[in-house]
Amino acid sequence: MSRRYRTTRRAFVGGAAASLALARPSFAQASANVVVIGGGFGGASCARALKWLAPKLQVTLLEPNKTFTACPFSNDVIGGFRAIEAQRFGYDKIAAAGITVAAQAATGVDVQGRTVTLADGSSLRYDRLVLSPGIDLRFDALPGYDEAAVEVMPHAWKAGEQTLLLRRQLEAMDDGGLVVMSVPANPYRCPPGPYERACLIAYYLKAKKPRSKLIVLDAKDAFSKQRLFQNAWTELYPGMIEWVSLSQGGKVTSVDPSTKTFVTEFGKHTAQVANVIPPQKAGRIAALAGAADASGWCAIDPVTFESKTAPNVHVIGDACIAGGMPKSAFSANAQAKACAAAVATLLAGGAPAAPKLINTCYSLAAPDYGFSVAGVYQPKNGLLADVEGAGGTSPVDAPREFRAREAVYAQSWFDTITAEVFG
Ligand SMILES: Cc1cc2nc3c(=O)[nH]c(=O)nc-3n(C[C@H](O)[C@H](O)[C@H](O)COP(=O)(O)OP(=O)(O)OC[C@H]3O[C@@H](n4cnc5c(N)ncnc54)[C@H](O)[C@@H]3O)c2cc1C
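In this text, all values refer to a predicted model and were calculated from it rather than measured experimentally.

**Student:** Just give me the short version of the overall build of the protein chain, but keep the residues and values in it.
**Tutor:** A tally of helices and strands in the protein chain yields 10 helices and 25 strands. The C-alpha radius of gyration computed for the protein chain amounts to 21 Å, which stays within 12% of the reference 22 Å derived for 423 residues, consistent with globular compactness. Each principal axis of the C-alpha atoms in the protein chain carries an extent, and together these give about 65 × 50 × 40 Å. Going through the 423 residues of the protein chain one by one, you find that 56% of them count as buried. In the protein chain, the share of contacts with a sequence separation of at least 24, taken over all contacts with a separation of at least 6, comes to 68%. A total of about 17,000 Å² of accessible surface is found on the protein chain, and carbon and sulfur atoms cover 53% of it.

Given below as structure tokens:
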């Protein structure tokens, strides 16, 4: 294990513990209404942290789904070695923590009146609003890809039915069939996710359909943990995965769902199974609240996570522009805690302290083959910037036993974060 790598893990454990444990007493008297929109990794974490930090706060969590289906590890479901049930989490424990959980979608935000409207027509007043709506797909950005096309060429970039659809399509495919995936330009949810997915689709193909191949059409020339992924492709799935980069003509310019065809500037690829990961933007409610900019994402103050355009509205998780921090569940959870501390401090009349945040992303190339990237971030020039020299990736030349251990750490990470957020 490299020295840089060890240092990062120690920093995470210490940092996560310190931020909540030290802050609680000074917030104990804060009493106000905080509404949190979105019961995923960011929103559920934030609601819990707010209630824990300032028990007198009235915290309401809005989430239309009765259960949450987690994206991390959903590629294992597609690879055929994990049940979708292991991805599902309820909200009972969050309600038991004293948070009002309303099974409602927010349909509008009146920033001046500090009011959220709900799908049933009712409304809620807030003193501070936290948005963690995750992503929406940009149906205006890839010609041919619309709401009907997702049923034929699944994205599986929101976990649940889409995950199962892609899995079923792989099961129904002939041995010798071609799978094609498209990957968008940055930024998008989970930078290493498409390449992990390529590995785990190849894992399934190698076992069940060894004459099949996978083409990854990419709108980028470089990606997260690239050498680690490419080494794994060579070692585990020789000849099965072809990565076509931007400069090799990998950018998809349109799709045709009637034939499952991907069109690039250099040609066409017709697939038997087509996985389109389209360009994305912040969940729609962010734009309705006036928090999203022309990029589709939400600019924030990196100390408080308050929107730069919508006062008293804070944005965390995939929806926000977090500088160097990737759009991951780990980031959303870390941002949620920092945001909760800032909101509680602001409501108590104080000045929030600048946070130091950590992210680690594990990827599996096979059930017993994992690796990771870690980073540390702090506010700088209006963004969350990488702390130079902190973090790093798993060593490129590690033995298989090391990769097997990282696969175990990945599972422990998932169990720990989901227990903290939903358990
Ligand atoms: C295939 C894949 C693999 C991944 N693997 C990893 C991994 O290994 N590690 C990792 O850290 N991250 C991983 N991620 C990324 C991770 O899933 C996201 O970064 C994380 O879920 C972001 O949290 P969030 O709170 O911003 O959004 P989400 O967790 O998506 O939560 C958003 C919630 O908001 C709700 N919502 C939206 N609009 C409204 C509204 N108007 N009213 C009420 N509720 C609303 C939604 O129903 C949803 O429950 C992966 C993603 C994918 C696609």
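**Student:** Lay out the pairing of strand β1 (residues 33-37) with the relevant residues and their values.
**Tutor:** By the criterion of burial, β1 is predominantly enclosed, with four of the five residues buried. Note: β1 against strand β2 (residues 58-62), five bridges, orientation parallel. Its bridge partner being in β2, Val-34 is matched across the sheet by Val-59. Regarding the hand of the β-α-β motif, the stretch spanning β1, helix α2 (residues 41-53) and β2 is right-handed.

**Student:** Account for the pattern of salt bridges, naming residues and giving values.
**Tutor:** All chains considered together, the criterion is met by 12 salt bridges. The salt bridge involving Glu-420 is made with Lys-337; its shortest N-O contact spans 3.2 Å. In this pair, Glu-420 is assigned in helix α10 (residues 400-422) and Lys-337 in helix α9 (residues 329-347), connecting sequence segments 83 residues apart. A cluster of three or more residues bridged by salt bridges with shared partners is formed by Glu-235, Asp-368 and Arg-400.

**Student:** Quick rundown of the sheet that holds strand β7 (residues 115-118)? Include the residues and the values.
**Tutor:** Taken in spatial order, the three strands make up an open sheet running β6-β7-β8, and their pairing is antiparallel. Whereas interior strands pair on both sides, the edge strands pair on one side only; in this sheet they are β6 (106-110) and β8 (123-125). Direction aside, neighbouring strands of the sheet carry axes that sit 20° apart on average. Of the strand pairs in this sheet, β6 and β7 are connected by four bridges, and their pairing is antiparallel. Note that in β7 the partner of Gly-108 across the bridge is Thr-117.

**Student:** Would you mind going over the packing of aromatic side chains in detail, with residue names and values included?
**Tutor:** For the coordinates displayed, the defined rule picks out 18 aromatic pairs. Judged by centre distance (5.3 Å) and plane angle (75°), the ring pair of Phe-81 and Tyr-203 falls under edge-to-face. Separated by 122 residues along the polypeptide, Phe-81 in the loop between α3 (74-79) and β4 (88-90) and Tyr-203 in helix α6 (residues 193-208) bring together distant segments of the chain. Looking at Phe-81, the relative accessible area reads 28%, which means it is partly exposed.

**Student:** Account for the nonpolar core, with residues named and values stated.
**Tutor:** Residues Ile-37 and Phe-262 are the most contacted members of the largest nonpolar core, which totals 129 residues. At 11 residues, the largest contribution of residues to this core is made by α9.

**Student:** Hey, could you go over the site of the ligand for me, with residue numbers and the actual values?
**Tutor:** Close contacts around the ligand come from 36 residues, with Gly-42, Glu-63, Arg-189, Asp-318 and Ala-329 the closest. Considering the ligand on its own, with 1,000 Å² of exposed area, one finds that the protein chains cover 91% of that surface. Elements with a minimum of two residues in the shell around the ligand: α2, α3 and α9.

**Student:** Describe the layout of surface pockets, with residues and values.
**Tutor:** In this model, the second largest pocket occupies a volume close to 560 Å³. Around the second largest pocket, the lining is made up of 32 residues, and of these Pro-191, Gly-324, Met-325, Pro-326 and Lys-327 lie nearest the centre. Secondary-structure elements contributing two or more residues to the lining of the second largest pocket are β21 (320-321), β22 (357-366), β23 (369-380) and β25 (392-393). When residues of the lining of the second largest pocket are assigned to their parent elements, the largest contribution, four residues, is made by β23.

**Student:** Pulling in residues and values, what's your account of the packing of α6 against helix α7 (residues 226-236)?
**Tutor:** Their axes nearest at 10 Å, the elements α6 and α7 cross at an angle of 5°. Here α7 runs roughly parallel to α6, going by the angle between their axes. Residue-level contacts link Tyr-195, Glu-196, Ala-198, Cys-199 and Lys-206 of α6 to Phe-229, Trp-233 and Leu-236 of α7. Classifying every residue of the contact of α6 with α7 by side-chain character gives six nonpolar, no polar and two charged.

**Student:** I'd love a proper account of α10, names of residues and values included.
**Tutor:** If you check α10, its first and last C-alpha atoms are 33 Å apart, about what 23 residues at 1.5 Å a residue would give, namely 33 Å. Looking only at α10, the buried set comprises Phe-402, Arg-403, Glu-406, Ala-407, Ala-410, Trp-413, Phe-414, Ile-417, Thr-418, Val-421 and Phe-422.

Conventions used here
Residues numbered from 1 in each chain as written. Predicted model: local features only at pLDDT ≥ 70, side-chain atom pairs only at ≥ 80, totals over all residues. Heavy atoms only, no water. Helix = DSSP H or I, 4+ residues; strand = E, 2+ residues; numbered from the N terminus. Rg over C-alpha atoms; globule rule 2.2 N^0.38 Å. Buried < 20%, exposed > 50% of the residue type's maximum accessible area, 1.4 Å probe, protein only. Contact = heavy atoms within 4.5 Å. Areas by Shrake-Rupley, 256 points an atom, 1.4 Å probe, with all protein chains shown as cover. Pairing = 2+ DSSP bridges. Right-handed = clockwise from strand over helix to strand, strands pointing away. Salt bridge = Lys/Arg side-chain N within 4 Å of Asp/Glu carboxyl O. Axes fitted to C-alpha atoms, helices over the stretch in contact; angles between N-to-C directions. Phe/Tyr/Trp six-rings, centres within 6.5 Å; stacked < 30°, edge-to-face > 60°. Core = buried A, V, L, I, M, F, W, Y, C linked by side-chain atoms within 4.5 Å. Near = heavy atom within 4 Å. 1 Å grid on protein atoms, 1.4 Å probe; cavity = no way out; pocket = protein on both sides within 12 Å on 5 of 7 lines; lining within 4 Å. Points joined across faces, edges and corners; volume = space filled by probe spheres on them. Parallel < 35°, antiparallel > 145°, perpendicular 65-115°, else oblique. Nonpolar A, V, L, I, M, F, W, Y, C, P; charged D, E, K, R; others polar. Expected span 1.5 Å × (residues − 1).

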